[in-house]
Amino acid sequence: MDEETRKNFHQSAMRNGTILGAVWSIMYLLLFAGTTNMLALMLCMILYVASPFIAGGMAIKFRRNACNDRIGYLPAFSHLLYTYICATLLSTLAVYIYFAFFDNGAFFSTIYGMLDEIGKVADDALAQQIDQTRKIIDNTTTSSITWQLMNNNFVNTAIMPLVIAIFVKKTR
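Anyway, here's the lowdown on the structure attached to this text. Not measured: the values here are computed from a predicted model. (Residues numbered from 1 in each chain as written. Predicted model: local features only at pLDDT ≥ 70, side-chain atom pairs only at ≥ 80, totals over all residues. Heavy atoms only, no water.)

## A few points about the pattern of salt bridges
Between side chains of opposite charge, a pair can form as their charged atoms come close.
So, point 1. One pass over the full model with this rule turns up 4 salt bridges.
So, point 2. Note that Asp69 and Arg63 form a salt bridge whose closest N and O atoms lie 3.1 Å from each other.
So, point 3. Residue Asp69 is joined to Lys170 by a salt bridge in which the shortest nitrogen-to-oxygen separation is 2.9 Å. Note that Asp69 is positioned in the loop between helix 2 (38-66) and helix 3 (73-102) and Lys170 in the segment after helix 6 (142-168), a separation of 101 residues in sequence.
So, point 4. The exposure class of Lys170 is partly exposed, given its relative accessible area of 32%. (Salt bridge = Lys/Arg side-chain N within 4 Å of Asp/Glu carboxyl O. Helix = DSSP H or I, 4+ residues; strand = E, 2+ residues; numbered from the N terminus. Buried < 20%, exposed > 50% of the residue type's maximum accessible area, 1.4 Å probe, protein only.)

Shown next as structure tokens:
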């Protein structure tokens with residue numbers, strides 16, 4: 001990569017990460033709404049499946065525009081990794097803001113309602129598991145949800161760019 005490509009590398013990855021983070025933020029909000037609305041859940045699943053293709057498409061666009069349609073595996077992986085890290089940070093912030101300021105316990109109330117419905121038909125072993133789940137939910141805070149989400153996203157961040165970079169690289 002030449003100097004101008006290196007300069008655009010971080011800008012492009014951050015811009016792509018912002019776009020991907022916005023997609024993930026919408027996906028998570030649809031997931032929370034999907035506890036009561038099947039259409040929102042379906043849209044969430046579509047975005048979940050589409051997000052690696054969106055990231056790959058943006059990386060291919062970077063390859064074509066900034067790298068003269070040539071990029072090796074390691075630079076492609078680095079660009080995608082940086083994109084995913086930016087997306088993780090943005091989506092985690094959006095989920096934190098949602099739970100801290102907008103949710104007001106609605107998500108957990110829905111989960112409690114689902115557990116109550118299951119508890120009506122549960123045997124003793126399942127009823128004990130439901131009670132344990134209720135205790136865990138009672139001790140859950142906004143920051144613990146955010147921390148768990150961020151950890152989960154960082155695992156995806158470590159794995160997905162490895163695979164997507166194979167399809168983005170082009171050396172000839």
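## What about helix 3?
So, point 1. A rise of 1.5 Å per residue sets the reference length of helix 3, with its 30 residues, at 44 Å; its end C-alpha atoms lie 42 Å apart and thus fit the reference within 8%.
So, point 2. The positive-phi residue at the C-terminal boundary of helix 3 is Asn104, with phi of around 50°. (Expected span 1.5 Å × (residues − 1).)

## Quick word on the environment of Ile97
So, point 1. Note that Ile97 resides in helix 3.
So, point 2. Residue Ile97 is classed as partly exposed on the basis of its relative accessible area of 33%.

## Focus on the packing of aromatic side chains
So, point 1. In this structure the tally under the stated criterion is 10 aromatic pairs.
So, point 2. A ring pair is formed by Tyr73 and Phe77, whose centres lie 6.4 Å apart and whose planes are at 10°; its orientation type is stacked. Taken together, the positions of Tyr73 and Phe77, both in helix 3 and 4 residues apart, correspond to about one turn of that helix.
So, point 3. With a relative accessible area of 16%, Phe77 lands in the buried category.
So, point 4. An aromatic cluster is present here, built from Phe32, Tyr98, Phe99, Phe107 and Phe108 joined pairwise through their rings. (Phe/Tyr/Trp six-rings, centres within 6.5 Å; stacked < 30°, edge-to-face > 60°.)

## Describing unusual backbone geometry
So, point 1. Phi angles above zero are rare outside glycine, and Asn68 is one such case at about 55°.
So, point 2. On the secondary structure map, Asn68 appears in the loop between helix 2 and helix 3.
So, point 3. Using a relative accessible area of 68% as the deciding quantity, one classes Asn68 as exposed.
So, point 4. In this structure, Asp69 is a non-glycine residue whose phi angle is positive, near 60°.
So, point 5. A relative accessible area of 23% places Asp69 in the partly exposed class.

## Structural notes on the state of the cysteines
So, point 1. Here the structure, examined in full by the defined rule, presents 0 disulfides.
So, point 2. No disulfide involves Cys67; its sulfur sits 17 Å from that of Cys86, the nearest cysteine. (Disulfide = S-S within 2.5 Å.)

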